[in-house]
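# Tertiary structure, described
Below are the chains, spelled out letter by letter.
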Amino acid sequence: MKEVKIEDKEKYLKEHYPFENIPNLRDQRRCIHCDRIFTIGDYKVFIDEDDEELIYCPYAPECDGTLIDWIPVDYDYK
Ligand SMILES: [Zn+2]
């Protein structure tokens, strides 16, 4: 995976977030892959093996969670 440096994280998120209700950069989420809580604004962008540019968990590349693996901090998924 190759990391892509994002200059304007708010703009990038707005343009690439695949769902409605784009979260605020100051919001917190839990990543279900590494089970860590992070601030959205710390997200990273990587180009994966399929040449796809994806928004990843801030703990990537150790964690392979992308934004579809982010859940609200108080959400009990177990
Ligand atoms: Zn993670």
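Note: the structure precedes this text.
Residues numbered from 1 in each chain as written. Predicted model: local features only at pLDDT ≥ 70, side-chain atom pairs only at ≥ 80, totals over all residues. Heavy atoms only, no water.

## So, the coordination of the zinc ion
Ideal coordination angles are 109.5 degrees for a metal with four donors arranged tetrahedrally and 90 or 180 degrees for a metal with six donors arranged octahedrally. Stated precisely, the cut-off is as follows: Coordination shells were defined by N, O and S atoms within 2.8 Å of each metal, extended to 3.2 Å for Na, K and Ca; water is absent from the atom set, which can make sites look incomplete. Each label reflects the angles at the metal, where four donors whose angles all fall between 85 and 135 degrees are tetrahedral, four or six donors whose opposite pairs open beyond 155 degrees and whose other angles stay between 65 and 115 are square planar or octahedral respectively, and the rest are irregular. Secondary structure follows DSSP: runs of H or I at least 4 residues long count as helices, runs of E at least 2 residues long count as strands, and numbering of each begins at the N terminus.
Protein coordination at the zinc ion comes from Cys31 (SG), Cys34 (SG), Cys57 (SG) and Cys63 (SG), with a distance range of 2.2 to 2.3 Å. One way to put it: the 4 donor atoms around the zinc ion meet at angles of 106 to 112°, and that makes the site tetrahedral. Of note, the donors binding the zinc ion are all from one chain and are spaced C-x2-C-x22-C-x5-C. With Cys31 in strand E2 (residues 28-31) and Cys57 in the loop between strand E5 (53-56) and strand E6 (70-72), the pair connects residues that are 26 residues apart, well separated along the chain.

## What to know about the pattern of salt bridges
A side chain of one charge can pair with a side chain of the opposite charge if their charged atoms are brought near each other. Defined as follows: Note on definitions: salt bridges are taken to be side-chain nitrogens of Lys or Arg within 4 Å of carboxyl oxygens of Asp or Glu.
Considering all chains together, one arrives at 4 salt bridges under this definition. Ionic pairing is found between Arg30 and Asp35, a salt bridge with its closest N-O pair at 3.2 Å.

## Some points on the environment of Tyr17
What counts here: The buried label goes to any residue with under 20% of its type's maximum accessible area, the exposed label to any with over 50%, and the partly exposed label to all in between, with areas taken from a 1.4 Å probe on protein chains only. Here, residues are in contact when the closest pair of their heavy atoms is within 4.5 Å.
Relative to the assigned elements, Tyr17 resides in the loop between helix H1 (9-16) and E2. Classification of Tyr17 as buried rests on a relative accessible area of 16%. Sequence separation of Tyr17 and Ile68 is 51 residues, and the distance between their C-alpha atoms is 9.7 Å. If we skip the residues at most four places from it in the chain, Tyr17 touches Ile22, Pro23 and Leu67.

## Notes on the nonpolar core
Here is the rule we go by: For this analysis, a nonpolar core means a set of buried residues of the types Ala, Val, Leu, Ile, Met, Phe, Trp, Tyr and Cys, connected via side-chain atoms within 4.5 Å.
Grouped together as the largest cluster of nonpolar side chains are 14 residues, with contacts concentrated most on Tyr12, Leu13, Cys31, Tyr43, Val45, Ile55 and Trp70. With near-sequence residues (within four places) excluded, Tyr12 lies in contact with Ile6, Tyr43, Val45, Glu53 and Ile55.

## Quick notes on the sheet that holds E5
Two strands in a sheet stick together by hydrogen bonds in their backbones, pointing the same way (parallel) or opposite ways (antiparallel). Our working definition: When DSSP finds two or more bridges between a pair of strands, those strands are recorded as paired. Convention adopted: a line fitted to C-alpha atoms gives each axis, helices being fitted over their contacting stretch, and angles between N-to-C directions are expressed from 0 to 180 degrees.
Spatially, 3 strands are ordered E1-E4-E5 in an open sheet, and the strand pairing comes out antiparallel. What marks the edges here is a single partner per strand, and that holds for strand E1 (2-4) and E5. Each strand of the sheet is rotated relative to its neighbour by a mean of 40°, with strand direction disregarded. As paired elements, strand E4 (residues 44-47) and E5 share 4 bridges and run antiparallel to each other. In the sheet register, Val45 faces E5, and the bridge partner there is Ile55.

## Structural notes on the sheet that holds E6
In spatial order, the strands read E3-E2-E6; together these 3 strands make up an open sheet with antiparallel pairing. With one partner strand each, in any of the chains shown, strand E3 (36-39) and E6 form the two edges of the open sheet. The mean angle between the axes of side-by-side strands here comes to 45°, regardless of whether they run parallel or antiparallel. With 3 bridges connecting them, E2 and E6 associate as antiparallel partners. When the bridges of E6 are listed, Arg29 appears paired with Pro72.

None of the figures reported here should be taken as evidence of function without further support.
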